[in-house]
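# Observations on chain architecture
Residues per chain, in single letters:
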Amino acid sequence: AQSVAQPEDQVNVAEGNPLTVKCTYSVSGNPYLFWYVQYPNRGLQFLLKYITGDNLVKGSYGFEAEFNKSQTSFHLKKPSALVSDSALYFCAVRDGGFKTIFGAGTRLFVKA
Amino acid sequence: EAQVTQNPRYLITVTGKKLTVTCSQNMNHEYMSWYRQDPGLGLRQIYYSMNVEVTDKGDVPEGYKVSRKEKRNFPLILESPSPNQTSLYFCASSPMGLAGGRQYFGPGTRLTVT
């Protein structure tokens, strides 16, 4: 069965510092991996996806994610955090079928 | 503007009173899905649809029904709501051309069942 784990409920980082939000997954077959962001009282917005190809994926708002097949991880990164990046981040996996599994979410706080 | 719309945005109802949350997309997407979001549990998939008249259960389908009579609409029906269905609900759509396509989400419907 598919599963997604976001081991940190919350990540705190100072503005200007690099940030990492962790995600590990379990899926049979090739994974299709996604990151979404949710701002307060808003729906989810797409950040980036990995389907195939380069392990480093670049997305919206300066975010990127690194796919690591051996560690079954897809960590979200940004070189320099902004206060406006503070939000709830979700990792999601699809196994090539039609079901999607989301992680529990990680709340990111960026302090000025 | 390409978008997914949901109505109503907020709903307070009583146990057992049937309700429908509508979802509509204007992007001609084949795939549509419903999720519920609960604190600490992330988003859980309720039902999804691959095209008109084709639907299947997600991970938490109990107590919900869906229909897909038109490509653009995918209503979520709660025949007899219960308090444990109090949640934030999201509808999403995506094209089917690539199985790993990103999903476009609606603004959410906050449902309270008393």
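Everything in this summary refers to the structure shown in the same document. What you see is a predicted model; the values in this text were computed from it and never measured.

### Some remarks on the nonpolar core
Formed by 29 residues in total, the largest nonpolar core has its most connected members in Trp35(A), Leu47(A), Leu48(A), Phe74(A), Leu76(A) and Tyr89(A). Secondary structure elements with two or more residues in this core: strand 2 (10-14), strand 3 (19-21), strand 5 (32-38), strand 6 (44-50), strand 8 (64-68), strand 9 (73-78), strand 10 (87-94) and strand 12 (106-111) of chain A. No other element matches strand 10 of chain A, which puts four residues into this core. Sequence-distant contacts of Leu48(A), defined by excluding residues within four places in its chain, comprise Leu33(A), Phe34(A), Trp35(A), Val57(A), Lys58(A), Gly59(A), Phe63(A), Glu64(A), Ala65(A), Phe74(A) and Leu76(A). Core analysis: the next-biggest nonpolar cluster, separate from the first, contains 19 residues, Val21(B), Val66(B), Leu78(B) and Val113(B) among them.

### A short note on the state of the cysteines
Residue and element names in this part refer to chain A. Tallying each qualifying case throughout the model produces two disulfides over all chains. The disulfide partner of cysteine 23 is cysteine 91, and the gap between their sulfur atoms is 2.0 Å. Taking the sign of the S-S torsion, -65° for the link of cysteine 23 and cysteine 91, the bridge is left-handed. Taken together, the residues cysteine 23 in the loop between strand 3 and strand 4 (24-26) and cysteine 91 in strand 10 connect sequence positions 68 residues apart.

### A short note on the sheet that holds strand 1 (residues 4-7) of chain B
All names here are of chain B. Read across the open sheet, the four strands follow the order 1-3-8-7; overall the sheet is antiparallel. Two strands bound the open sheet, and with one partner strand each, they are strand 1 and strand 7 (65-66). Pairing analysis gives two bridges linking strand 7 to strand 8 (residues 76-78), with the strands arranged antiparallel. Of the residues in strand 8, the one forming a bridge with lysine 65 is isoleucine 77.

Rules of the game
Within every chain, residues take consecutive numbers counted from 1 along the sequence as written. Chain labels run from A onward and ligand labels from 1 onward, assigned in the order the entries are written. Where local features are concerned, this predicted model is filtered to residues with pLDDT of at least 70; where side-chain atom pairs are given and counted, the filter is 80 or more; whole-chain, interface and lining totals use all residues. Heavy atoms from the whole structure form the basis of all side-chain values; hydrogens and water molecules are not counted. Here, the term nonpolar core denotes a set of buried Ala, Val, Leu, Ile, Met, Phe, Trp, Tyr and Cys residues that are joined through side-chain atoms within 4.5 Å. When accessible area is computed with a 1.4 Å probe and restricted to protein chains, residues below 20% of their type maximum are described as buried, those above 50% as exposed, and intermediate ones as partly exposed. Under the scheme used here, helices are H or I runs from DSSP no shorter than 4 residues and strands are E runs no shorter than 2 residues, and both carry numbers assigned from the N terminus. Here, two residues are considered to be in contact whenever any of their heavy atoms come within 4.5 Å of each other. The criterion for a disulfide is a pair of cysteine sulfur atoms lying within 2.5 Å. For two strands to be treated as a pair, DSSP must find no fewer than two bridges joining them.

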